[in-house]
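Tertiary structure, described
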Amino acid sequence: MYNNGTLIGKRTKEKHITLQNVYNFLLLLIKNTKIAELLKEKIHNITLTYFNCIKELLPVVTQIVCLNALTIAGNKIIPSNYNFVSNQLNIKEVNKRISSIKIFDWSSEGTLKYLKGASGSKLLAEDIIASVEK
């Protein structure tokens, strides 16, 4: 997201992810989970780890709708793979689950280009969660 983002909130062809988008991703990722009760630094590390896993497996994903959907799915993936006793995220399991969503055509010209807004993100998130839970 770093190379595709802008801090000033103005989107351009090259910079289409705003700081507000990143903030919303964070809120969606921890919403209604025990993860939200952790220290901010720990939440930050978990978030970075999750998105680094996504970046390694799906480097072409830059659409906001797709990133929102992956964040909503992360809201289910992360708490089920986080050990609150040792404060550790099971990265191997997270990678395994994320790798199961390679079945989608993530390119900006694929079938996902027709998804728009929050409703599109929720629909895609449901499909992602269903493929992850198999």
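As the structure is a computational prediction, the values presented were derived from the model and not from experiment.

**A few points about helix H1 (residues 19-30)**
Here H1 is 12 residues long and its end C-alpha atoms lie 17 Å apart, about the 16 Å a rise of 1.5 Å per residue gives. In the core, the buried residues of H1 are packed alongside strand S2 (17-18), helix H2 (40-57) and helix H3 (64-80). Positive backbone phi, approximately 55°, marks Asn 32, located one or two places after H1.

**Considerations on the packing of aromatic side chains**
Overall, the coordinates contain 3 aromatic pairs when judged by the stated rule. Taken together, a centroid distance of 6.2 Å and an interplanar angle of 35° make the contact between Phe 25 and Phe 51 tilted. Of this pair, Phe 25 sits in helix H1 while Phe 51 sits in helix H2, and the two are 26 residues apart along the sequence. Phe 51 gets classed as buried once you look at its relative accessible area, which sits at 11%. Summarising the aromatic geometry, the rings of Tyr 50 and Phe 51 are spaced 5.5 Å apart at their centres and angled 75° between planes, so their arrangement reads as edge-to-face.

About the thresholds
- In this convention, every chain numbers its residues from 1, walking through the sequence in written order.
- pLDDT decides what is reported in this predicted model: residues at 70 or higher carry local features, side-chain atom pairs at 80 or more are listed and counted, and totals for whole chains, interfaces and linings draw on all residues regardless.
- Just so you know, side-chain values use all the structure's heavy atoms and leave hydrogens and water out.
- Put simply, DSSP marks the helices as runs of H or I at least four residues long and the strands as runs of E at least two long, and each gets a number from the N terminus on.
- An expected span of 1.5 Å times one less than the residue number is assigned to each helix.
- The contact rule is simple, with two residues in contact once any of their heavy atoms fall within 4.5 Å.
- Any pair of Phe, Tyr and Trp rings, taking the six-membered ring for Trp, is counted once the centres come within 6.5 Å. Such a pair is stacked with planes under 30 degrees apart, edge-to-face with planes over 60 apart, and tilted for the rest.
- Remark: exposure states derive from per-residue accessible area (1.4 Å probe, protein chains only) relative to the maximum for the residue type, with buried under 20%, exposed over 50%, and partly exposed in between.

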